[in-house]
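Now for the letters of each chain:
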Amino acid sequence: MLIEFTLNGKPVSIDAPADITLLALLRDHLALTGAKEGCAVGECGACSVIMDGRLINSCLVLAPQAGGSQIITIEGVHAPDGEPNDLQENFIEYGAVQCGICIPGMVMAGEALLMQNLNPTRSQIRTALAGNLCRCTGYQQIVDAIEATAQGRRGDL
Ligand code: FES
Ligand code: FES
């Protein structure tokens, strides 16, 4: 079936099976492999993308449900010049990146939070990351990176 939506700010129109997930549509039909398949059952958050301003697990959304929506994937998160943005730079700066399987989803969770709240408490940051599992970093550095980004973006206002 034809599925039309906005992907990282650009219109997309793609013919794809109706019974695949949004994650499969992104990875297998649109060659956007930043979102990862970890568990495929909504437990790990590695497949996180932002759909109409909300963080979602793309492994739990059928591709046709994306029709008419605005989707942002990790490929759509960058500075205007295409380089890593402030959040991504802070992930590097604070040592929040290790194996990287979880990191695209973590960045998307951070961006989704910062879209809603530029002054989150550490507790709110942890809550925002509750659906994203990381077996490497211990989370502390990820929370630090998101907190520093919030501070920086507040300073830019
Ligand atoms: S792959 Fe979607 S939540 Fe784990
Ligand atoms: S950096 Fe390895 S799972 Fe998160």
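In what follows, the structure referred to is the one given above.
Residue numbers restart at each chain and count upward from 1, following the sequence in its written direction. Labels are handed out in written order, letters beginning with A for the chains and numbers beginning with 1 for the ligands. Where local features are concerned, this predicted model is filtered to residues with pLDDT of at least 70; where side-chain atom pairs are given and counted, the filter is 80 or more; whole-chain, interface and lining totals use all residues. As a rule here, side-chain values come from all non-hydrogen atoms in the structure, and water together with hydrogens is ignored.

### With respect to helix 3 (residues 103-116)
Here is step 1 of the chain: Under the DSSP-based scheme used, a helix requires at least four consecutive residues in state H or I and a strand at least two consecutive residues in state E, with every element numbered from the N terminus. Here a helix's expected span is defined as the number of its residues, less one, multiplied by 1.5 Å. Relative to the 20 Å expected for 14 residues at 1.5 Å per residue, helix 3 spans 20 Å between its end C-alpha atoms, a close match to the ideal helical length.
Here is step 2 of the chain: Relative accessible area decides the class of each residue, using a 1.4 Å probe on protein chains only: under 20% of the type maximum gives buried, over 50% gives exposed, and in between gives partly exposed. Judged by how many residues are buried, helix 3 sits mostly within the fold: twelve of 14 residues are covered.
Here is step 3 of the chain: Within the sequence span of helix 3, burial applies to Ile103, Pro104, Gly105, Met106, Val107, Met108, Ala109, Gly110, Glu111, Ala112, Leu113 and Leu114.

### So, the sheet that holds strand 1 (residues 2-7)
Whenever strands of a sheet pair, they do so through backbone hydrogen bonds, lying parallel or antiparallel.
Here is step 1 of the chain: Here we have five strands laid out as an open sheet, ordered 2-1-5-3-4, and mixed in their pairing. Of all the strands in the sheet, just strand 2 (10-15) and strand 4 (54-57) have a single pairing partner and so form its edges. The mean inter-strand angle of the sheet, taken between neighbouring strand axes irrespective of direction, is 40°.
Here is step 2 of the chain: Should DSSP find at least two bridges between two strands, the strands are regarded as paired. When strand 3 (residues 48-51) meets strand 5 (residues 70-72), the two strands line up antiparallel, connected through two bridges. Looking at strand 5, one finds that Met51 is bridged to Ile71.
Here is step 3 of the chain: Packed onto the sheet, helix 1 (residues 22-29) meets strand 1, strand 2, strand 3, strand 4 and strand 5 and runs at close to 85° relative to strand 1.
Here is step 4 of the chain: We call two residues in contact when some of their heavy atoms are within 4.5 Å. For helices, the axis comes from a line fit to the C-alpha atoms of the stretch in contact; other axes are also lines fit to C-alpha atoms, and the angle between any two N-to-C directions lies between 0 and 180 degrees. Helix-sheet contacts for helix 3 involve strand 3, strand 4 and strand 5, and the interaxial angle to strand 3 is about 30°.

### A few points about unusual backbone geometry
Here is step 1 of the chain: For Ala40, which is not glycine, the phi torsion reads 70° and is therefore positive.
Here is step 2 of the chain: Its place among the elements puts Ala40 in the loop between helix 1 and strand 3.
Here is step 3 of the chain: With a phi close to 50°, Asp52 is a non-glycine residue in the positive phi region.
Here is step 4 of the chain: Mapped onto the elements, Asp52 comes out in the loop between strand 3 and strand 4.

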